[in-house]
Amino acid sequence: MQMPEPDAKVLARRERILVRLAEALPEDALISDPAETRAYDCDALTAYACAPMAVTLPRSTEEVSAVMRICHEEGVSVIPRGSGTGLAGGALPTADSVVLGVSRMNRVLEVCPEDRFIRVEAGRTNLSVTGAVEDLGFFYAPDPSSQLACAIAGNIAMNSGGAHCLKYGVTTNNLLGVKMVLADGEVVELGGPTLEQPGLDLLGVVCGSEGQLGVVTEATLRILPRPEGARPILLAFDSPVTAGACVADIIRAGVLPVAIEFMDRRIIHLTENFVGAGYPLDAEALLIVEVEGSEPEIDEQLARIKAVAARHDPLEMRESSGPEQSAAIWKGRKAAFGATGQVADYLCMDGVIPTSALPDVLRRMAELSAQYGLDVANVFHAGDGNLHPLIMFDANAPGQLEKAERLGAEILTLCVEAGGCLTGEHGVGVEKRDLMTRQYAPDDLDAQMLVKDVFDPDWILNPAKVFPLEASAARRVRKGAAA
Amino acid sequence: MSAGAVPGAAEVLAPADEAELAAMVADAAARRAPLRIRGGGTRLALGRPSQAAAELSVARLGGVRLYEPGALTIVAAAGATVAEIEATLAAERQILPFEPMDHRRLLGTDGEPTIGGAAAVNASGPRRVQAGACRDLMLGVRFVDGRGRVVKNGGRVMKNVTGYDLVKLMAGAHGTLGVLTEIAFKVLPAPECAATLWLEGLEDETAIRAMSAALTSPWDVSAAAHLSGGPTMIRLEGLEGSVRARAERLRERLAAFGDVETAEEGPLSWRDVRDCAPFAGRPGAVWRVAARPSMAAAAVARLRAERPVEALYDWGGGLIWLLTPEQDDAGAALVRAAAEAAQGHATLVRASDAVRAAVGAFHPRPGADALAAGLRARFDPAGVLNPGLMAS
Ligand SMILES: Cc1cc2nc3c(=O)[nH]c(=O)nc-3n(CC(O)[C@@H](O)[C@@H](O)COP(=O)(O)OP(=O)(O)OC[C@H]3O[C@@H](n4cnc5c(N)ncnc54)[C@H](O)[C@@H]3O)c2cc1C
Ligand SMILES: Cc1cc2nc3c(=O)[nH]c(=O)nc-3n(C[C@H](O)[C@H](O)[C@H](O)COP(=O)(O)OP(=O)(O)OC[C@H]3O[C@@H](n4cnc5c(N)ncnc54)[C@H](O)[C@@H]3O)c2cc1C
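Residues numbered from 1 in each chain as written. Chains lettered and ligands numbered in written order. Predicted model: local features only at pLDDT ≥ 70, side-chain atom pairs only at ≥ 80, totals over all residues. Heavy atoms only, no water.

### Digging into the overall build of chain A
Okay, step 1: In terms of regular secondary structure, chain A is built from 18 helices and 18 strands.
Okay, step 2: In terms of C-alpha radius of gyration, chain A reaches 23 Å, essentially the compact-globule figure of 23 Å for 483 residues.
Okay, step 3: Along the longest, intermediate and shortest principal axes, the C-alpha atoms of chain A span 70 × 55 × 40 Å.
Okay, step 4: Sorting the 483 residues of chain A into buried and exposed places 62% on the buried side. (Helix = DSSP H or I, 4+ residues; strand = E, 2+ residues; numbered from the N terminus. Rg over C-alpha atoms; globule rule 2.2 N^0.38 Å. Buried < 20%, exposed > 50% of the residue type's maximum accessible area, 1.4 Å probe, protein only.)

Structure follows, in structure tokens:
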């Protein structure tokens, strides 16, 4: 993975830039000692790291605006950062950049259950948004597995999903408005506490723009009344193809589960060794299907699901009879990544396919795995086709990381060819930047870059991400940079 | 109201496919000859009257391109009619969840609404509160930008964060950033059963509290509407046993507000709510106001103090349709101020040509409007796509 050469002119002005930032910010909001900035050298894609010139941790929109104004005038790249749990290197700095972290902006600003929204500062963690409304009987629906740590800011930038998005949608479907600082320091508000906005849907394009269009400082989020209950059922099959067919039939049967999760044989055994969830070990594929509602509603939905599943000769159907059994059913699924990490290093892919292509894609993935001699374990959101193949390798063996990356690229290409896409929730960042041409033609990419041209004409916000470096090269020449 | 023909449009262009359409837009751009984009023509009376030399019809770009009921996805050419899509889905007991409005009654237009037109205006009906807006269900688009370039974005899968989400940007752009040629939607199973609970005689303020009580309950309400001076209605949908159980619980909760009736449909059908039928065929301007539900009734009361107003509330009070006399500016200044007081905004949906020429259809937004203008200048540098239509 390649990053642009640091801008020597910017590096030469380092002292002056730091002085200007120090003048504009409270003392503890600027970090430039390399020992202290180390925590900001990478996000959760730890294979790539780089020390930034400085890290700023403002406490208000005004302070964010001040940082942006200075960086804009000085022609310095800014890397917005939430909690740094991103898996695509979206928050990876460059040596000539300033990291702008919003983690200290985490207050709740307004809670309105009648109008079903909450307004928070963007550094607030995902789980603590739900925490702020659960006593009122509400929750914030998008629930990435990283929800304890990740910030709403990062969720918005990545348009993050979660286990329950089959029913509730992803971040963009639950985001009503943002306050955002543009590259030149101007503060704009997009959307608000209503369900519809006039004019172009700018909020819609800001969500998922990976920190390239502005720094989000506040968010208005839709909250939903918490359902009365939820219950999972575990379905075991003797082939992944049958499990895939069962998923399609459940969806066609008119019930909409909140989650349908898939685990292959490799994951079943890995998690069994790790947490002993008691999954059937003779199964080639497991589905966990969860439905919500009151007790009678749950019974009605599960009866329908069981009738569909029965037509596919399952090895076992294990319906939860209470909270303990529900937890047991979810236990292995929740431990899947940890269990894999116990036995190997792994790369987590995030491709999406039309669910109808599931059997074919799984078969071809197995062939690729054999061809490369690297194990691939599969655990994913089957209802929406978002695959998370875990490519297992040994980071200490020379050349294995590169080999695993090549296999990853082939798997993602396979997803695109099957009618899907490179990434369903983790984002492009630097990780998948150079694969973008497999999904998009030059005109498709240019149309996206036109949007950045409008929001950030000098391309100072997170410039070397999302678009292949070649494609963005002409635009990344700093037109407005100070001498 | 004249809605069919474009005033002064000399020419009608009707490309047979996307490539031809792209060539026509490129040619118009080269000549700087503005185009009025037309789907089914049922909503052409919306927005500022535009001064187009020619009309570009997408009607010949028709047909369902791909439908996978098991994956809940459908891909259709932009000129496909909403009726055709709905019939295709109905055969598999599925629906377009966003209940696209049929404007023909309200606007007095004819023609067949197209799926491209619905997407271009982000048409979202009563189920907005539960299933989302049209834009929430749009998975991917193909479009021709103002230079005549074919662009694709998104895809046909339910989760996709590969690059920027131009799908949202195109939804509701009223054709000012590009001409949609193909759209992929997420669809849902058709509800097997529906029930409407309703109360009569509630003041607006009380009605909104009743709707909020329903919408903040865990019983998955799929629509909540109130006609000022008429019924207050709540809809539940789903499997039969579930609907019955939830209706019972909801009835108990709503009893505090008065006598609750239950039937499959209420006194006003959901189709009538969707299409704003109470104001169809009646003189006056029609506004569509987005508001915070808890502030909606006060906003309408404030307007009523100045001007005769009729109101139909949808989305539990989050959307207010207003019927008000056309005189002067159709109350634009008052309506916009009232909308702002409810932290929302107002769109002029129906008015005479004279009023529409004088009053921008869309609510101005400082900051955002400058960005929007920047986007239009990049996507349509020659200014040929519905120029001026979205001017606020
Ligand atoms: C201010 C305003 C507010 C509106 N609010 C709503 C609303 O809230 N809900 C609602 O349902 N409808 C709303 N509309 C309505 C509107 O224009 C439609 O709902 C659509 O489904 C009509 O279908 P049609 O095929 O007849 O479209 P047409 O009447 O032919 O076109 C509708 C609009 O979309 C454009 N258009 C049509 N096809 C394409 C295409 N393929 N690519 C790009 N642009 C295209 C047209 O230029 C026109 O501006 C609003 C319109 C305006 C101007
Ligand atoms: C164990 C684990 C499990 C995960 N599970 C999921 C999952 O289930 N679903 C899922 O979708 N993701 C998941 N992720 C990925 C990650 O948690 C999400 O992408 C998350 O939204 C990132 O949030 P963050 O605050 O950590 O962002 P960061 O990593 O700090 O930043 C992510 C991106 O957002 C930008 N950004 C940050 N703050 C701002 C701001 N204020 N304004 C503008 N741009 C900003 C950054 O520049 C960067 O491009 C997981 C990650 C881990 C480590």
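Structure shown, so let's carry the discussion forward.
### Some remarks on the domain arrangement of chain B
Residues and elements named next belong to chain B.
Okay, step 1: Domain boundaries assigned for chain B yield domain 1 (10–190), domain 2 (193–274) and domain 3 (277–359).
Okay, step 2: A separation of 24 Å is found between the C-alpha centroids of domain 2 and domain 3.
Okay, step 3: The residue Arg-304 makes a salt bridge to Asp-204 at a minimum N-O spacing of 3.4 Å.
Okay, step 4: At the surface where domain 2 touches domain 3, the tally comes to eight residue pairs in polar contact (both at pLDDT 80 or more). (Domains from an automatic or database assignment. Salt bridge = Lys/Arg side-chain N within 4 Å of Asp/Glu carboxyl O. Polar contact = N/O pair within 3.5 Å; in protein donor to acceptor, adjacent residues only side chain to side chain.)

### Overview of the domain arrangement of chain A
The parts lose accessible area when they come together, and the size of an interface is often stated as this lost area.
All names here are of chain A.
Okay, step 1: Here chain A is partitioned into domain 1 (1–226 + 442–483), domain 2 (230–337) and domain 3 (344–433).
Okay, step 2: Centre-to-centre separation of domain 1 and domain 3, based on C-alpha positions: 27 Å.
Okay, step 3: Contacts between the two partners involve 24 residues from domain 1 and, on the opposite side, 13 residues from domain 3.
Okay, step 4: Between domain 1 and domain 3 the total buried area reaches about 1400 Å² when both faces are included, carbon and sulfur atoms providing 58% of it.
Okay, step 5: At the boundary of domain 1 with domain 3, the tally comes to zero salt bridges.
Okay, step 6: Looking at side-chain class alone, the side of domain 1 that touches domain 3 contains 16 nonpolar, six polar and two charged residues. (Contact = heavy atoms within 4.5 Å. Buried area = accessible area lost by both parts, 1.4 Å probe. Nonpolar A, V, L, I, M, F, W, Y, C, P; charged D, E, K, R; others polar.)

### Comments concerning the layout of surface pockets
Okay, step 1: Of the voids in this model, the second largest pocket is the one considered here, and its volume is about 590 Å³.
Okay, step 2: Forming the walls of the second largest pocket are 26 residues, and the residues nearest its centre are Glu-189, Gly-191, Gly-192 and Pro-193 of chain A together with Gln-343 of chain B.
Okay, step 3: Those elements giving two or more residues to the lining of the second largest pocket turn out to be strand S6 (117–121), strand S8 (175–181), strand S9 (187–191) and strand S10 (215–222) of chain A. (1 Å grid on protein atoms, 1.4 Å probe; cavity = no way out; pocket = protein on both sides within 12 Å on 5 of 7 lines; lining within 4 Å. Points joined across faces, edges and corners; volume = space filled by probe spheres on them.)

### Remarks on the sheet that holds strand S1 (residues 11–13) of chain B
Across a sheet, paired strands are connected by hydrogen bonds in the backbone, their directions being either parallel or antiparallel.
All names here are of chain B.
Okay, step 1: Taken in spatial order, the three strands of this open sheet run S1-S3-S2, and their pairing is parallel. Each edge of the open sheet is held by one strand with a lone partner, namely S1 and strand S2 (35–38). Adjacent strand axes in the sheet meet at a mean angle of 25°, parallel and antiparallel pairs treated alike. (Pairing = 2+ DSSP bridges. Axes fitted to C-alpha atoms, helices over the stretch in contact; angles between N-to-C directions.)

### Topic: the pattern of salt bridges
Okay, step 1: Applying the stated criterion to the full structure yields 64 salt bridges over all chains.
Okay, step 2: A salt bridge links Arg-318 of chain A to Glu-316 of chain A, with the nearest nitrogen and oxygen atoms 2.8 Å apart.
Okay, step 3: For Glu-316 of chain A, a relative accessible area of 27% translates into the label partly exposed.
Okay, step 4: Between Asp-272 of chain B and Arg-105 of chain B there is a salt bridge, and its shortest N-O distance comes to 3.0 Å.

### Observations regarding empty space enclosed by the protein
Okay, step 1: Under the counting rule described, the total for this entry stands at seven cavities of 30 Å³ or more.
Okay, step 2: If you add up the space inside the second largest cavity, you get close to 610 Å³.
Okay, step 3: In this structure, the second largest cavity is lined by 40 residues; those nearest its centre are Glu-196 and Gln-197 of chain A together with Val-121, Asn-122 and Arg-288 of chain B.
Okay, step 4: Of all the elements in the fold, those that place two or more residues in the lining of the second largest cavity are S8 of chain A together with helix H6 (134–137) and strand S18 (345–350) of chain B.
Okay, step 5: Per element, the largest residue contribution to the lining of the second largest cavity is four residues, and it comes from S18 of chain B.
Okay, step 6: Tallied by class, the residues present in the lining of the second largest cavity amount to 19 nonpolar, 14 polar and seven charged.

### Quick notes on the nonpolar core
Okay, step 1: Ranked by size, the top nonpolar core spans 162 residues in total, and within it Leu-287, Val-451 and Phe-455 of chain A carry the most contacts.
Okay, step 2: Considering every element that reaches this core, the biggest residue donor is helix H15 (residues 400–417) of chain A, with eight residues.
Okay, step 3: Setting aside residues up to four positions removed in sequence, Val-451 of chain A forms contacts with Val-205 and Leu-213 of chain A together with Tyr-164, Leu-166, Leu-169, Leu-375 and Phe-379 of chain B.
Okay, step 4: Membership of the second largest hydrophobic core comes to 66 residues, among which are Phe-279, Val-289, Ala-296 and Ala-332 of chain B. (Core = buried A, V, L, I, M, F, W, Y, C linked by side-chain atoms within 4.5 Å.)

### What to know about the sheet that holds strand S4 (residues 97–101) of chain A
Residue and element names in this part refer to chain A.
Okay, step 1: On the basis of which strands lie adjacent, the open sheet formed by four strands has the order S1-S2-S4-S3 and mixed pairing. Since the sheet does not close on itself, it has two edges, and those belong to strand S1 (30–31) and strand S3 (77–81), each with one partner.
Okay, step 2: Direction of pairing for S3 relative to S4: parallel, over a ladder of five bridges. Following the sheet pairing, Val-78 is matched in S4 by Val-98.
Okay, step 3: Across the face of the sheet, helix H4 (residues 61–74) comes into contact with strand S2 (54–56), S3 and S4 while running at roughly 170° to S4.

### A look at the packing of aromatic side chains
Okay, step 1: Inspection of every chain in the model, using the stated rule, returns seven aromatic pairs over all chains.
Okay, step 2: Seen from their ring centres, Phe-143 of chain B and Phe-379 of chain B are 6.5 Å apart, and the 40° between their planes marks the pair as tilted. Taken together, the residues span a long stretch of sequence, with Phe-143 of chain B in strand S7 (residues 138–145) and Phe-379 of chain B in helix H15 (residues 368–379) at a distance of 236 residues.
Okay, step 3: Take Phe-379 of chain B: its relative accessible area is 1%, and that puts it in the buried class.
Okay, step 4: A connected cluster of aromatic rings, assembled from ring pairs, spans Trp-459 and Phe-467 of chain A together with Tyr-164 of chain B.
Okay, step 5: Its end group placed over the ring of Trp-459 of chain A, Lys-452 of chain A keeps NZ or CZ at 5.1 Å from the ring centre.
Okay, step 6: Over the ring of Trp-270 of chain B we find Arg-235 of chain B; its NZ or CZ atom is 5.2 Å from the centre of that ring. (Phe/Tyr/Trp six-rings, centres within 6.5 Å; stacked < 30°, edge-to-face > 60°. Lys NZ or Arg CZ within 6 Å of the ring centre and 35° of its normal.)

### Some details on the site of ligand 2
Residues and elements named next belong to chain A.
Okay, step 1: Surveying the vicinity of ligand 2 reveals 32 residues, the closest of which are Pro-80, Gly-82, Thr-85, Ser-146 and Ser-160.
Okay, step 2: A distance of 2.7 Å separates an oxygen atom of ligand 2 from a polar atom in the backbone of Gly-82.
Okay, step 3: In this structure, Asn-462 approaches ligand 2 through a side-chain N or O atom, which is 3.1 Å from an oxygen atom.
Okay, step 4: When the free accessible area of ligand 2 is taken as 980 Å², the share hidden by the protein chains comes to 91%.
Okay, step 5: Breaking the shell around ligand 2 down by element, the ones donating at least two residues are S3, helix H6 (152–158) and S10.
Okay, step 6: The dominant element in the shell around ligand 2, judged by the number of residues it contributes, is H6, at five residues. (Near = heavy atom within 4 Å. Areas by Shrake-Rupley, 256 points an atom, 1.4 Å probe, with all protein chains shown as cover.)

### Points about the state of the cysteines
Residue and element names in this part refer to chain A.
Okay, step 1: Counted by the stated rule, this structure contains zero disulfides over all chains.
Okay, step 2: Looking at the unpaired Cys-348, the closest cysteine sulfur is the one in Cys-415, lying at 12 Å.
Okay, step 3: Its relative accessible area of 14% is what places Cys-348 among the buried residues. (Disulfide = S-S within 2.5 Å.)

### Let's talk about the side chain of Asn-386 of chain A
Okay, step 1: Turning to its location among the elements, Asn-386 of chain A is positioned in the loop between strand S17 (376–381) and strand S18 (389–393).
Okay, step 2: A distance of 3.3 Å separates a polar side-chain atom of Asn-386 of chain A from the backbone oxygen of Gly-351 of chain A.
Okay, step 3: Apart from residues no more than four positions distant in its own chain, Asn-386 of chain A is found in contact with Asp-350, Gly-351, Val-352, Phe-380, His-381, Gly-424 and Glu-425 of chain A together with Lys-159 of chain B.

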